[in-house]
Amino acid sequence: MDETALIETPTNALQRMIAFIDMGGAAMWVIAILSMLTVALILWKVLRLLAYGAWSGGRRSERAIALWSEGRIDAAQAEIAGRRSLRARLVRAAMQAASDPTLDEPAAKAETARVARHLLLQARSGLRALELASTIGPLLGLLGTVTGMIAAFQALQEAGARADPATLAGGIWEALLTTAAGMAVAIPAQIALTWFESVVDRLRHDMEDAATRIFQRAPRAAGPRRAVILDKAAE
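The structure reproduced in this document is the subject of the present report.

What counts and how
- Residues numbered from 1 in each chain as written.
- Predicted model: local features only at pLDDT ≥ 70, side-chain atom pairs only at ≥ 80, totals over all residues.
- Heavy atoms only, no water.
- Phe/Tyr/Trp six-rings, centres within 6.5 Å; stacked < 30°, edge-to-face > 60°.
- Helix = DSSP H or I, 4+ residues; strand = E, 2+ residues; numbered from the N terminus.
- Buried < 20%, exposed > 50% of the residue type's maximum accessible area, 1.4 Å probe, protein only.
- Salt bridge = Lys/Arg side-chain N within 4 Å of Asp/Glu carboxyl O.
- Axes fitted to C-alpha atoms, helices over the stretch in contact; angles between N-to-C directions.
- Parallel < 35°, antiparallel > 145°, perpendicular 65-115°, else oblique.
- Left-handed = near helix turned anticlockwise from the far one by under 90°.
- Contact = heavy atoms within 4.5 Å.
- Nonpolar A, V, L, I, M, F, W, Y, C, P; charged D, E, K, R; others polar.
- Arc of directions from axis to C-beta.

### Observations regarding the packing of aromatic side chains
Now for step 1: Applying the stated rule across the entire model yields two aromatic pairs.
Now for step 2: Relative to Trp 195, the ring of Trp 55 has its centre 5.7 Å away and its plane inclined at 25°; by these criteria the two rings are stacked. Residue Trp 55 is found in the loop between helix 2 (25–51) and helix 3 (59–69), and its partner Trp 195 is found in helix 8 (residues 165–216); the two are separated by 140 residues along the sequence.
Now for step 3: When the ring of Trp 195 is compared with that of Phe 196, the centres are 5.2 Å apart and the planes differ by 25°; the resulting orientation is stacked.
Now for step 4: With relative accessibility at 40%, the residue Trp 195 sits in the partly exposed group.

What follows is the structure, given as structure tokens:
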């Protein structure tokens, strides 16, 4: 194979891509930029959820809750110390609140709920932008199609009796490219959005379950320690 052809192939592909985008006009360029941003957002969100331990299964948290149920408070907290997953951070916050002698049970639960809301807000970061991309993609495509059709019919009117139907058909299909491109952006964005929302819902369920189990076992696990601390404070 000719070495020169290998060097020119990426350039030719880029030129063909640019020519294809130019067919759709300004709306097509906006959709192309939106598609790149959408892909970047999806990749960022996957990495973000990986860092949050969305698919880790929460094994450390489960072991910590088991130790907490046995009354081994220090061992339970050591099990999740320094862990950055959302489940572990919620479990740690719930254990600290449940074992805090200055908080009664309603206050401890309220503090845990506050932390849970903050963690879930972090987990949902970026989803609004992805929802926006899935919504405006088809609208941008429709806008490009409408403006393209207007331009095509204006050209037909200016041609008068000498109008060429082939020219009109070419203008129409070029205008329709933006609609197809807009849907090509919106469909993957909507699929990714639905997937991410299901992951966040699973995290929310796991966090609620973990907090409930911690507070159900709090009287046995945290009660003696709380009583000792209160006695020492009274002295």
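### A closer look at the pattern of salt bridges
A side chain with one charge may pair with a side chain of the opposite charge, provided their charged atoms come close.
Now for step 1: Evaluation of the coordinates by the stated rule reveals ten salt bridges.
Now for step 2: Note that Lys 109 is salt-bridged to Glu 105, the shortest N-O span being 3.0 Å. With Lys 109 and Glu 105 both in helix 6 (residues 105–123) and four residues apart, the pair spans about one turn of that helix.
Now for step 3: Judged by relative accessible area, Lys 109 falls into the partly exposed class, the value being 39%.
Now for step 4: Overall, Glu 105 belongs to the partly exposed group, its relative accessible area being 44%.
Now for step 5: Note that Arg 204 and Glu 208 form a salt bridge whose closest N and O atoms lie 3.3 Å from each other. Placement of both Arg 204 and Glu 208 in helix 8 is noted, with a separation of four residues, approximately one turn of the helix.
Now for step 6: Overlapping salt bridges, with partners in common, bring together Arg 60, Arg 63 and Glu 79 in one network.

### Section: the packing of helix 3 against helix 5 (residues 86–98)
Now for step 1: Viewed as axis vectors pointing N to C, helix 3 and helix 5 meet at an angle of 20°, and their least axial separation amounts to 9 Å. Judged by the inter-axis angle, helix 3 sits roughly parallel to helix 5. Seen from above, helix 3 lies across helix 5 with left-handed handedness. Along the contact surface, helix 3 presents Ser 61, Ala 64, Ile 65 and Trp 68, while helix 5 presents Arg 87, Ala 88, Val 91, Met 95 and Ala 98.
Now for step 2: The class makeup of the residues in the contact of helix 3 with helix 5 is seven nonpolar, one polar and one charged.

### Description of helix 3
Now for step 1: Regarding helix 3, the residues found buried are Ser 61, Ala 64, Ile 65, Leu 67 and Trp 68. Buried residues of helix 3, seen end-on, are gathered within an arc of 160° and therefore sit on one face of the element.

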